[in-house]
Amino acid sequence: MRDFSQDHSCLSINTATVRQSRGTPLPLTKIIEACAERGIGAISPWRDQVAASGLSVISQSIKDHGLKLSGYCRGGMFPAADAQGLAAATADNRAAVDEACELNAPCLVLVVGGLPGALAGHAAHKDIARARDQVVDGIATLLTYAKSCGMPLAIEPLHPMYAADRACVNTMEQALDICDALDPEQSGALGVAVDVYHVWWDPKLQAQIQRAGKNRLLAFHVCDWLTPTTDLLNDRGMMGDGVIDIPQIRSWVEAQGYSGFSEVEIFSTQNWWLRDHAEVLDTCIARHRSHV
Ligand code: ZN
């Protein structure tokens, strides 16, 4: 396993982690500057943050600062209640692939979606099997396009608490079953993003990481699970503040040959987003050395 204790060259910052500084939105251009100043090698930006500054502006800024991407957040949200919704999802996902290419991302991360309408509080139906079928169909369609662009797709299984509204793919096993069905040759065009927050509890985790192997391990996300946790979405902990044995999971991922970035992704409305982004980034660097 790589030694992260002395340097942070493998650290990437998911830009949601510093989406706000002292509770105020922080532009992506400022996030890029702050990461580059600290010798952070990579970021994983969100589409809305890129759009707010402009794709060409961000693309140039990333190049100017010598940063890489560890992923692009995000595509997905495939299920829909009608044909129009499905077509809109297809078009939006193609645009996400195009943006990922422009930004030279190593993969587009997919948060696949759940019951249509549930995120807005009004699920159109209760048929999660149908939603899961639409996810497979949606990924299959997008994969053809993404392959033609050379952009790998990384399915991110989300913790089961998000099955209704954000992702009905909830385990590594489920995600890898989709990979097996759609990319049986393990070409590298389709894989998984392993986010410790979502999968740490899974008794099959080690076995499924082994099953994934190097070709399907496309991204590795870290933060911590706090006890008690006060919000299902926005109470992620800093590495070391919770109960996830992050080094153990990283050792399993790296035993398969994963050599990519380790991406810190923290959504935290009541703690880290209230602090100054400089403090947050400096803490990420320190904790990445001590607890990842
Ligand atoms: Zn993640």
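Since the model is a prediction, treat every value here as computed from it, not as a measurement.

## With respect to the coordination of the zinc ion
Taken together, Glu156 (OE), Asp195 (OD), His221 (ND1) and Glu265 (OE) make up the protein donors of the zinc ion, found 2.0 to 2.2 Å from the metal. Viewed at the metal, the 4 donor atoms of the zinc ion are separated by angles of 83 to 151 degrees, and the geometry they form is irregular. By relative accessible area, which is 3% here, glutamate 156 ends up buried. Given a relative accessible area of 0%, aspartate 195 falls into the buried group.

## Thoughts on the packing of helix α8 (residues 205-216) against helix α9 (residues 246-255)
Helix packing geometry: the angle between the two helix axes and the distance between the axes. Two elements in contact, α8 and α9, have axes whose closest approach is 8 Å; the angle formed by their N-to-C orientations is 25 degrees. Of the possible angle classes, the one that applies to α8 and α9 is roughly parallel. When the axes of α8 and α9 are compared, the crossing they make is right-handed. Here Leu205, Gln206 and Ile209 of α8 come into contact with α9, specifically with Ile249, Trp252 and Val253. In terms of residue class, the contact of α8 with α9 is built from 5 nonpolar, 1 polar and no charged.

## Digging into helix α10 (residues 277-291)
An α-helical turn contains 3.6 residues, so a residue and the one three or four places further along point in the same direction. Between the first and last C-alpha of α10 there are 20 Å, a value that for 15 residues agrees with the 21 Å anticipated at 1.5 Å per step. For α10, the set of buried residues is His277, Val280, Leu281, Thr283, Cys284, Ile285 and His288. Of the surrounding secondary structure, the elements contacted by the buried residues of α10 are β1 (11-14), β2 (20-21), α1 (28-37) and β11 (262-264). Where α10 begins, the capping side chain belongs to aspartate 276, and its oxygen is found 2.9 Å from the backbone nitrogen of alanine 278.

## A word on the nonpolar core
Residues Ile13, Leu110, Val112, Ile139, Leu153 and Ile155 are the most contacted members of the largest nonpolar core, which totals 82 residues. Broken down by element, this core gets its largest block of residues, 7 residues, from helix α5 (residues 128-149).

## Quick notes on the side chain of glutamine 208
In this fold, glutamine 208 is placed in helix α8. If near-sequence neighbours (up to four positions away) are discounted, glutamine 208 is found in contact with Met172, Glu173 and Leu176.

## Side note on the environment of alanine 255
By the secondary structure assignment, alanine 255 is in helix α9. Expressed as a C-alpha distance, the spacing of alanine 255 and leucine 226, which sit 29 residues apart in the sequence, is 27 Å.

## Comments concerning the sheet that holds β11
Read from one edge to the other, the open sheet built from 9 strands follows the order β5-β4-β1-β11-β10-β9-β8-β7-β6, with strand pairing classed as parallel. This sheet does not close on itself; its edge strands, each paired only once, are β5 (68-69) and β6 (72-76). Sheet topology places strand β8 (residues 153-155) next to strand β9 (residues 190-195); 3 bridges connect them, and they run parallel. In the sheet register, leucine 153 faces β9, and the bridge partner there is leucine 190. Across the sheet, helix α6 (residues 172-182) is in contact with β8 and β9; its angle to β9 comes to roughly 170 degrees.

About the criteria used
- Residues numbered from 1 in each chain as written.
- Predicted model: local features only at pLDDT ≥ 70, side-chain atom pairs only at ≥ 80, totals over all residues.
- Heavy atoms only, no water.
- Donors = N, O, S within 2.8 Å, 3.2 Å for Na, K, Ca; no water.
- Tetrahedral: all angles 85-135°; square planar, octahedral: opposite > 155°, others 65-115°.
- Buried < 20%, exposed > 50% of the residue type's maximum accessible area, 1.4 Å probe, protein only.
- Axes fitted to C-alpha atoms, helices over the stretch in contact; angles between N-to-C directions.
- Helix = DSSP H or I, 4+ residues; strand = E, 2+ residues; numbered from the N terminus.
- Parallel < 35°, antiparallel > 145°, perpendicular 65-115°, else oblique.
- Left-handed = near helix turned anticlockwise from the far one by under 90°.
- Contact = heavy atoms within 4.5 Å.
- Nonpolar A, V, L, I, M, F, W, Y, C, P; charged D, E, K, R; others polar.
- Expected span 1.5 Å × (residues − 1).
- Polar contact = N/O pair within 3.5 Å; in protein donor to acceptor, adjacent residues only side chain to side chain.
- Core = buried A, V, L, I, M, F, W, Y, C linked by side-chain atoms within 4.5 Å.
- Pairing = 2+ DSSP bridges.

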